[in-house]
Each structure stands twice: as C-alpha cells, then as structure tokens.
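Summary of structural features
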Amino acid sequence: MDLFPHPGGIYGNILFAFSTTTLVIATSAPSVTRESTSTLRTLPCPPGASGVELSLFLYGDSDRSKTRVFCERVKKGMTVLDLGAHIGYYTLMAARLVGTEGTVFAFEPDPKNFSLLERNVALNGYKNVTLVQKAVSDKTGAARFYLDTESWGHSLSPIERSLESISVSTICLDQFIPEGTVVDFIKINIEGAEGRAIRGMERLLGKGDTKAIMIDFHLEEMESQNSSSKEIWDRLAAFGFEMYYIQDNGTSKIEFEQALYMANKQKGGIPLLCMRRE
C-alpha cells in the first residue's frame, strides 16, 4: 500500500484505499481549500479506474456539486445515514463533519466495496462510524444483488452490464434504527432501490427529525424494482419534503414532471436535495 499526494479536494484531510483490479492504493487527501493543490503523483492512474475512484485519483474529490451540498448540510453532533456507502467517500466526510459527538451509519452490501469501506474507516481512525454489510430495503431478509461491471453500479434489480448476481442480506431501517434515535440527515444512492428504502423508513421519516435527504433519484430503475417513482415522490412530499435539483451553481426547486423530463434526457439518477418544510 502506497501513499501519494494529488490535486486538492474539498473534503479535508482524508485517506482513501481503493481497488480497480488487484491494485490497492491509499491516497493522501489534500487540504480543504482548492487553492492548496499539488500536481505531484508517484503512481500512474490504476487500470480500469472510473467513477468515484478515478475522480479521487485525478482531482481529490468527486461529485463536486453534491459534495458541496453535503458539507453545507451535515453539522457537528448529527446522526447521518449513508445508504449505498460504496468505498466510503460520503461516509468519511460525514464522520469528519459530525465529529466525536455525532454518529454515522454506513450501509453497503457488496463484499468488495464493503472491504474497502472498512479499510478506509480504519485508515482514518474514525470511531463514530457503524458499518452495516446489508442492502437497505423495505424488508429484512435476503435478496439477489446484481453486480455491475462498475463497482458503483450494483443493484437489487437486473442490469444490462451485470456479469453475475450474489445473495445479500437486506435491512429495513424502521426495524434497524432504535425508536429513540434522532436521524438528522440521510444520503441515498442505491441504484433504483430508493423506493424500497423509503417504504422501509416511514416510521423514521414520520417522526419529523430528519430535516434533509440527499438522494440520487433513479426513476427508470425504480420502476424496474416495482416502485412507482411518482408514488415515492408523493410519499416524500407527504412527509413535508420539498425537492431541489442539485446543480453546479446551487440548488433549484423541482417538480416531478421536470425530474421525469430530465430523466428521459439523461442516463443515471437525478441528484436531489429533499428539504423538510419548516
């Protein structure tokens, strides 16, 4: 395992381990300001790197617009849920932002991703993170989990690029999170299982403690998992949330019809910040 500096990111001093084939690299994250950057690298970009891993290697961060929103909303002392934690990009940011007074629960069902998630949390010495190797759904049990050719694209429903499927444990948040727990912020990126997850956290959302949800809304993938995207949108609205589209220059309020139009024009999820009305 090697440490190396790379261009400045915006998430602070965090170490990452990631793997694209058999190569595992720990990256030494730069300071929180973009002005403090370095172009020095001691290792070539790992073969096959893509998504979060490639972005971390090249720029020191990923999903900059969502990262900005995340860092603005997550505060010291909060309890944060990271659904679809992958290798820990948002988990580690959350652990730093909530501090020793806060708590992070990170859910990741894929064994390879989970192994790197564990290593990344240990690498940074965070003691305020609870790791759960389960897929968040509307019931506790087991399900087929379809593995994408990209480590970030695995899903509970069959996908075009899937090479194989494995059995994973599933969890319902209303059964997992103790009743007295105040959950302040939820991040969701689970490739179409958003509908299942939200149906499984209705008690949690009904309490009114959760003020914000950052979600990648995969409309087409939700429909393939027997979830009506309009129904899930309306459920969130019924809990008092208003949806805002996350863009490079900030957020703007968005209605379902607009989100549906955008989903038909682009592939992947629509990045949303769901804010509970005061």
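Our subject is the structure listed above.
In short, a report on the structure. (Residues numbered from 1 in each chain as written. Predicted model: local features only at pLDDT ≥ 70, side-chain atom pairs only at ≥ 80, totals over all residues. Heavy atoms only, no water.)

**Description of the packing of aromatic side chains**
- For the structure on display, the rule yields seven aromatic pairs.
- Judged by centre distance (5.5 Å) and plane angle (80°), the ring pair of phenylalanine 217 and tryptophan 233 falls under edge-to-face. Remark: tryptophan 233 occurs in helix α9 (residues 229–238) and phenylalanine 217 occurs in strand β11 (residues 212–217); sequence separation between them is 16 residues.
- Overall, the relative accessible area of 5% leaves tryptophan 233 in the buried class.
- On the basis of an interplanar angle of 75° and a centroid distance of 5.5 Å, the ring pair of tryptophan 233 and phenylalanine 256 is categorised as edge-to-face. (Phe/Tyr/Trp six-rings, centres within 6.5 Å; stacked < 30°, edge-to-face > 60°. Helix = DSSP H or I, 4+ residues; strand = E, 2+ residues; numbered from the N terminus. Buried < 20%, exposed > 50% of the residue type's maximum accessible area, 1.4 Å probe, protein only.)

**Considerations on the sheet that holds strand β9 (residues 164–172)**
- Taken together, three strands build an open sheet; the order of strands is β7-β9-β8 and the sheet is mixed. Taken across any chain shown, the strands that pair with only one partner, and hence form the sheet edges, are β7 (135–137) and β8 (141–147). If you compare each strand with its neighbour and ignore which way they point, the axes differ by 50° on average.
- Summarising the sheet, β7 and β9 pair through three bridges and their orientation is parallel. (Pairing = 2+ DSSP bridges. Axes fitted to C-alpha atoms, helices over the stretch in contact; angles between N-to-C directions.)

**As for the sheet that holds strand β6 (residues 129–132)**
- Strand order in the open sheet formed by eight strands is β6-β5-β4-β10-β11-β14-β12-β13, with mixed pairing between adjacent strands. Of all the strands in the sheet, just β6 and β13 (250–253) have a single pairing partner and so form its edges. Averaged over all neighbouring strand pairs, the angle between strand axes comes to 20°, with direction disregarded.
- As paired strands, strand β4 (residues 79–83) and strand β5 (residues 103–107) are joined by five bridges and run parallel to one another. What sits directly across from leucine 81, in β5, is phenylalanine 105.
- Against the sheet, helix α2 (residues 64–73) contacts β10 (185–188), β11, β12 (241–247), β13 and β14 (270–276), and its axis sits at roughly 135° relative to β12. (Contact = heavy atoms within 4.5 Å.)

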